[in-house]
Amino acid sequence: MQLRRFDVSIVCLACVVCCFTAAGMRAAVAAPCSAGPQAAAAENARTLTSMPITAFHRPETGWAVYETMIAHEIGTECPANTPGFAAALAHWQGANHLGASGTMDDSTFKALKLAWDRRRPWAMISRHQCPDAADEHALVRAGPAESYDGKTILLRTDALAAFRRMADAAQRAGLIPPKSGLFVIFSGYRGVDADAARCAKENNCQSGARATCSAHRTGLALDINLGAAPGFRLDSSADQNRLFLSRTKLYRWMVKNAGRFGFVNYAFEPWHWEFAAASDGRK
Ligand SMILES: [Zn+2]
């Protein structure tokens, strides 16, 4: 028996932290994944690996990389090719003033991305202006056990404290095997000039966005080692690596739980998380 959730945000008005996660505002009711529109399920199974995606900074084929995020957003644990998923998608589409077809389409995907972006202060602000870089001298350094391969990782105090609470929860959930090297930070604050030079050198500027305005300048963005597909770097944006990461237990746990600690994901990069609950309100 799988779960389907319905929005009960009215009863959660006093909740601050949980508002960063869709699941935090929902109650669960049982609904089998076999219940729902069969034709829509078949269409989703087809487009999962074939639909052109243009919502991010480069054209993609299919939405399989985003299945975990989408399922969480629409409140289902059913796989994307099931009638139960299609039913949950139709419910979400209806609630978001879209045609409740239960099938993924361009306008639905863009609406999903907008919902995710709205939880990312940096994403919303940077549409108009690039947020100020952090004061490097006010940042704190992550400990050796929290830093990938001995790197110096600098973060804002509140972001590092929240990361530690989240890492502790992931540890207690049994998702970080001893000596696995998982859940350590491989990039935190990046100085503006150094970041621009590095991405130019690596030809990895994401159409210029990273060179001109990276979230890492704020000291609130973390790249976390959630694993990598065999033969790929931790932050390889190759579709094969992103698909692999999006299906790991650790990423699935993050999608469900990171909001409790104030973190939101940039869905294009499963490893990239931003602390969105800054205690001083600064973004
Ligand atoms: Zn990042």
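The preceding data block contains the structure.
Residue indices follow the written sequence of each chain, beginning from 1 at its first position. Reporting in this predicted model follows two pLDDT cut-offs: at least 70 for local features of residues, and 80 or more for side-chain atom pairs to be given and counted; totals over whole chains, interfaces and linings ignore these cut-offs and use all residues.

1. Quick look at the environment of S126
Step number 1: Among the secondary structure elements, S126 is positioned in the loop between helix 5 (121-125) and strand 5 (140-141).
Step number 2: With 88 residues separating them in the primary sequence, S126 and S214 have C-alpha atoms 9.2 Å apart.
Step number 3: Contact between residues is assigned whenever the C-beta positions, reconstructed from backbone atoms, fall within 7 Å. For S126, the contacting residues outside a window of four places in its chain are P131 and C213. A helix here means a DSSP run of H or I that spans at least four residues, while a strand means a run of E at least two residues long, and both kinds are numbered starting from the N terminus.

2. Describing helix 10 (residues 249-257)
Every α-helix winds through 3.6 residues per turn, so residues three or four apart in the chain are directed the same way.
Step number 1: As a rule, residues whose C-beta atom has 12 or fewer other C-beta atoms within 10 Å are exposed, those with 20 or more are buried, and those in between are partly exposed; C-beta atoms are placed from the backbone. Along helix 10, the positions that sit buried rather than exposed are L250, Y251, M254 and V255. Down the axis, helix 10 shows its buried residues gathered within 140° of arc, on one side only.
Step number 2: The inward-facing, buried residues of helix 10 abut helix 2 (67-74), helix 9 (239-246) and strand 9 (263-265). Throughout, the arc means the angular range of directions from the helix axis out to the C-beta atoms.

3. Notes on the environment of E274
Step number 1: If you trace the backbone, E274 turns up in strand 10 (residues 272-275).
Step number 2: E274 sits 86 residues away from G188 along the chain, and the two C-alpha atoms are 9.9 Å apart.
Step number 3: Residue contacts for E274: discarding those within four places in its chain leaves R120, W122, A215, L220, A221, F263, V264 and Y266.

4. What to know about unusual backbone geometry
Step number 1: Unlike most non-glycine residues, D149 shows phi in positive territory, near 55°.
Step number 2: Tracing the backbone shows D149 in the loop between strand 5 and strand 6 (154-155).
Step number 3: At K179, a residue that is not glycine, the phi angle is positive and equals roughly 60°.
Step number 4: Considering the arrangement of structural elements, one finds K179 in the loop between helix 6 (157-172) and strand 7 (185-187).

None of this, on its own, says anything about what the molecule does.
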